[in-house]
Amino acid sequence: MKTKASLNEQDYLHSFTSTMTQKSDTIINYVLAIYFLLGIALAFKYDTFEIGVGVGTINLLLYYSAKWFLKKSNFYQYVLSVVLAIFMAQYIYQMHGLFEMHFTVFIASTILIIYQNWRLQIPLTLLVVLHHAGLAYMQSFVYNDPKGLQLYFSQVNFDLETLLIHVVLAAVVFFMNGYWAYYFKEHSQKHISKISDEYELENIKLASAKYSSLSANNEFNVFVYRTAQDLKLPVNSVLKLIDVSKGHTDNDKLLSYLEMMRESAKKIDDLVNDIHGKSANRVS
């Protein structure tokens with residue numbers, strides 16, 4: 001059975017995760033808009049409108065469709081990872097093989113850290129490796145016409161050594177970003193767990209203080225009850241002695257004094273009875 005503390009911690013974690021996801025989604029909306037507009041801008045310079053508009057639009061449709069139809073799942077985040085990698089391939093193709101554009105996918109990899117899910121780096125890594133290997137293959141074995149058709153796909157001599165260097169460097173970047181996503185998630189969970197523990201400790205202290213206060217009040221009520229009970233007997237005795245004394249004297253002055261004494265003793269008796277009755281109710 002889950003304890004109250006664990007339930008509170010889960011509530012805090014769920015609330016924090018939901019808030020972070022919403023803020024991350026908002027940031028991604030701006031990022032995708034910038035990536036799409038960058039493709040349009042490159043289309044003007046390199047006359048690649050079919051690629052800039054077509055691929056960019058398909059990317060947006062893929063992401064927002066996955067997000068719409070799979071609202072209760074984080075699968076759309078993996079689709080986002082694929083889409084960001086496709087944007088990189090789009091830019092490289094638009095710029096006739098300018099491989100420096102793969103830095104855009106490094107930026108995308110860093111942005112994905114905000115979701116605190118290291119697994120989002122996996123689709124990104126696989127697509128980048130496949131893309132680079134595919135272009136290297138096309139340059140070396142398919143489009144290697146000496147007239148220069150290979151330059152459309154790469155402005156560098158993309159041999160095996162160059163491919164390995166690119167893959168290793170990209171993998172290092174993705175691994176580091178994945179690590180930071182994992183670290184931030186663990187740090188967030190520990191921080192929330194600490195807050196939850198402190199909250200529960202404070203509740204325990206308040207409950208203990210309340211119990212101590214109730215216990216002290218109860219002990220005081222018992223003391224008052226017993227004291228009032230102990231006072232009843234001597235006060236009653238005084239009243240009876242006064243009544244007996246009044247029956248053994250004819251002295252008017254003495255009778256007057258005895259009556260005054262009886263009135264005072266009766267007030268004390270009424271007060272003791274009142275205290276005794278109230279304290280009895282509190283004790284019970």
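To be clear, the structure that these remarks concern was listed above.
Overview of the structure.

The rules behind each value
Residues numbered from 1 in each chain as written. Predicted model: local features only at pLDDT ≥ 70, side-chain atom pairs only at ≥ 80, totals over all residues. Heavy atoms only, no water. Phe/Tyr/Trp six-rings, centres within 6.5 Å; stacked < 30°, edge-to-face > 60°. Helix = DSSP H or I, 4+ residues; strand = E, 2+ residues; numbered from the N terminus. Buried < 20%, exposed > 50% of the residue type's maximum accessible area, 1.4 Å probe, protein only. Expected span 1.5 Å × (residues − 1). Arc of directions from axis to C-beta. Salt bridge = Lys/Arg side-chain N within 4 Å of Asp/Glu carboxyl O. Core = buried A, V, L, I, M, F, W, Y, C linked by side-chain atoms within 4.5 Å. Axes fitted to C-alpha atoms, helices over the stretch in contact; angles between N-to-C directions. Parallel < 35°, antiparallel > 145°, perpendicular 65-115°, else oblique. Left-handed = near helix turned anticlockwise from the far one by under 90°. Contact = heavy atoms within 4.5 Å. Nonpolar A, V, L, I, M, F, W, Y, C, P; charged D, E, K, R; others polar.

## So, the packing of aromatic side chains
For the structure on display, the rule yields 13 aromatic pairs. Residues F106 and F174 carry aromatic rings whose centres are separated by 5.9 Å and whose planes lie at 65° to one another, so their mutual orientation is edge-to-face. Linking F106 in helix α4 (residues 103-111) with F174 in helix α6 (residues 160-246), this pair joins segments that are 68 residues apart in sequence. Just as F106 is buried, F174 falls in that class too. The structure contains a cluster of three or more aromatic residues connected by ring pairs, namely Y179, W180, Y183 and F184.

## Digging into unusual backbone geometry
The backbone of D47 sits at a positive phi, close to 55°, despite the residue not being glycine. Considering the arrangement of structural elements, one finds D47 in the loop between α1 (4-46) and α2 (49-69). Backbone geometry places Q116, a non-glycine residue, at a positive phi of 55°. With respect to the secondary-structure elements, Q116 resides in the loop between α4 and α5 (121-142). On the basis of relative accessibility, which here comes to 14%, the residue Q116 falls in the buried class.

## Observations regarding α2
End to end, α2 covers 29 Å across 21 residues, agreeing with the expected 30 Å (1.5 Å per residue, within 8%). Considered for burial, the residues of α2 that qualify are G52, G56, N59, Y63 and A66. Down the axis of α2, the sector holding all buried residues measures 105°, keeping them to one side. Turned more than 90 degrees away from the buried face of α2, the exposed residues are E50, L61, W68 and F69.

## A closer look at the pattern of salt bridges
Tallied over the full model, the rule gives 1 salt bridge. Linking D25 and K67 is a salt bridge whose minimum nitrogen-to-oxygen distance equals 3.7 Å. Linking D25 in helix α1 with K67 in helix α2, this pair joins segments that are 42 residues apart in sequence. We classify D25 as buried; its relative accessible area is 10%.

## Quick notes on the nonpolar core
One finds L32, Y63, L80, L84 and Y115 to be the most contacted residues of the largest nonpolar core, which totals 31 residues. Broken down by secondary-structure element, the contributors of at least two residues to this core are α1, α2, α3 (75-94), α4, α5 and α6. Among the elements that make up this core, the one with the highest residue count is α3 (10 residues).

## Considerations on the packing of α3 against α4
Taken N-terminus to C-terminus, the directions of α3 and α4 make an angle of 165°; their axes are 8 Å apart at the nearest point. As judged from the angle between their axes, α3 and α4 are roughly antiparallel. Read as a crossing pair, α3 and α4 show a hand that is right-handed. Contacts from L84, A85, M88 and Y91 in α3 reach T104, V105 and A108 in α4. When its residues are assigned to classes, the contact of α3 with α4 shows 6 nonpolar, 1 polar and no charged.

## Notes on the packing of α2 against α3
It is the contact of α2 with α3, at a shortest axis distance of 9 Å, that shows an interaxial angle of 175°. With respect to each other, α2 and α3 are oriented roughly antiparallel. Along its contact with α2, which presents I51, G52, V55, G56, N59, L62, Y63, A66 and K67, the element α3 presents Y76, V79, L80, V83, I86, F87, Q90, Y93 and Q94. Of the residues assigned to the contact of α2 with α3, the class counts are 12 nonpolar, 5 polar and 1 charged.

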